[in-house]
Amino acid sequence: MSGIERSVDDLGRIVLPIKYRKRLGICSNDKVIVDVDRGVITISPMKGVCALCGEAIQSESRVRLCRACIDKVKKS
Ligand SMILES: [Zn+2]
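Please read all numbers here as calculations on a predicted model, not as lab measurements.

Parameters at a glance
Within each chain, residues carry numbers counting from 1 in the order of the written sequence. Only residues with pLDDT of at least 70 are given local features in this predicted model, and only at 80 or more are side-chain atom pairs given and counted; all residues enter the totals for whole chains, interfaces and linings. Here the side-chain values reflect all heavy atoms present in the structure, with hydrogen atoms and water set aside. By definition, any uninterrupted DSSP run of H or I lasting at least four residues is a helix, any uninterrupted run of E lasting at least two residues is a strand, and each is numbered from the N terminus. To sort residues, take the accessible area from a 1.4 Å probe on protein chains only and compare it with the maximum for the residue type: under 20% means buried, over 50% means exposed, and anything in between is partly exposed. Sites may look incomplete because water is not among the atoms; the donors themselves are N, O and S atoms within 2.8 Å of the metal, or within 3.2 Å for Na, K and Ca. Tetrahedral means four donors with every angle between 85 and 135 degrees, whereas square planar (four donors) and octahedral (six donors) require angles over 155 degrees between opposite donors and between 65 and 115 for all others; sites fitting neither are termed irregular. Grid points spaced at 1 Å and placed over the protein atoms alone form the basis of the search, with a cavity being a set where a 1.4 Å probe fits but cannot get out and a pocket an open set showing protein on both sides within 12 Å along at least five of seven lines. Lining residues have an atom within 4 Å of a point. Grid points are joined across faces, edges and corners, and a volume is the space filled by probe spheres set on the points. Asp, Glu, Lys and Arg are counted as charged, while Ala, Val, Leu, Ile, Met, Phe, Trp, Tyr, Cys and Pro are counted as nonpolar; the rest, among them Gly, fall into the polar class.

S.K.: It is not clear to me how unusual backbone geometry should be interpreted in this structure. Could you clarify?
M.R.: Negative phi characterises most residues that are not glycine, and trans characterises most peptide bonds. Notably, Asn-29 is not glycine yet its phi reads approximately 70 degrees, a positive angle. Examined against the element boundaries, Asn-29 turns out to sit in the loop between helix H1 (18–24) and strand E1 (32–37). Judged by relative accessible area, Asn-29 falls into the exposed class, the value being 79%.

Below, the structure is given as structure tokens:
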């Protein structure tokens, strides 16, 4: 298994390794999205919110819409 070992403190916090923060452009007080899928926790930088519904989006694309709103627009 690759990765950097970290300890979880009493409040469930971990420190994100500086090299990962730099690589992803995560700065102090930035919001991130924490998710879990099949036993794996992911932490992703939040890039903005959907212009229509306000849902958090992670896309680097110029389109500021979430996947659900893109699908709605395509159907209409
Ligand atoms: Zn949306």
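From this point, the narrative continues.
S.K.: Teacher, can you tell me more about the coordination of the zinc ion here?
M.R.: In the first shell of the zinc ion, the protein supplies Cys-50 (SG), Cys-53 (SG), Cys-66 (SG) and Cys-69 (SG), at 2.3 Å from the metal. Here the zinc ion binds 4 donor atoms, and the angle range of 104 to 116 degrees at the metal identifies the geometry as tetrahedral. We note that the donor set of the zinc ion lies within a single chain, spaced as C-x2-C-x12-C-x2-C. Taken together, the residues Cys-53 in the loop between strand E3 (48–49) and strand E4 (56–57) and Cys-69 in helix H2 (residues 67–75) connect sequence positions 16 residues apart. Overall, the relative accessible area of 46% leaves Cys-53 in the partly exposed class. For Cys-69, a relative accessible area of 5% puts it in the buried group.

S.K.: Before we go on, may I ask you to explain the layout of surface pockets in this structure?
M.R.: Over the atoms, a rolled probe matching the size of one water molecule traces out where space is still vacant. Reported here for the largest pocket is a volume of approximately 730 Å³. Together, 21 residues line the largest pocket, and Ile-4, Ile-14, Leu-16, Ile-41 and Ile-43 are the ones closest to its centre. Of all the secondary-structure elements, those providing two or more residues to the lining of the largest pocket are H1 and strand E2 (40–45). Residues of the lining of the largest pocket, tallied by class, amount to 13 nonpolar, 4 polar and 4 charged.

No statement about biological role is implied by the geometric values presented.
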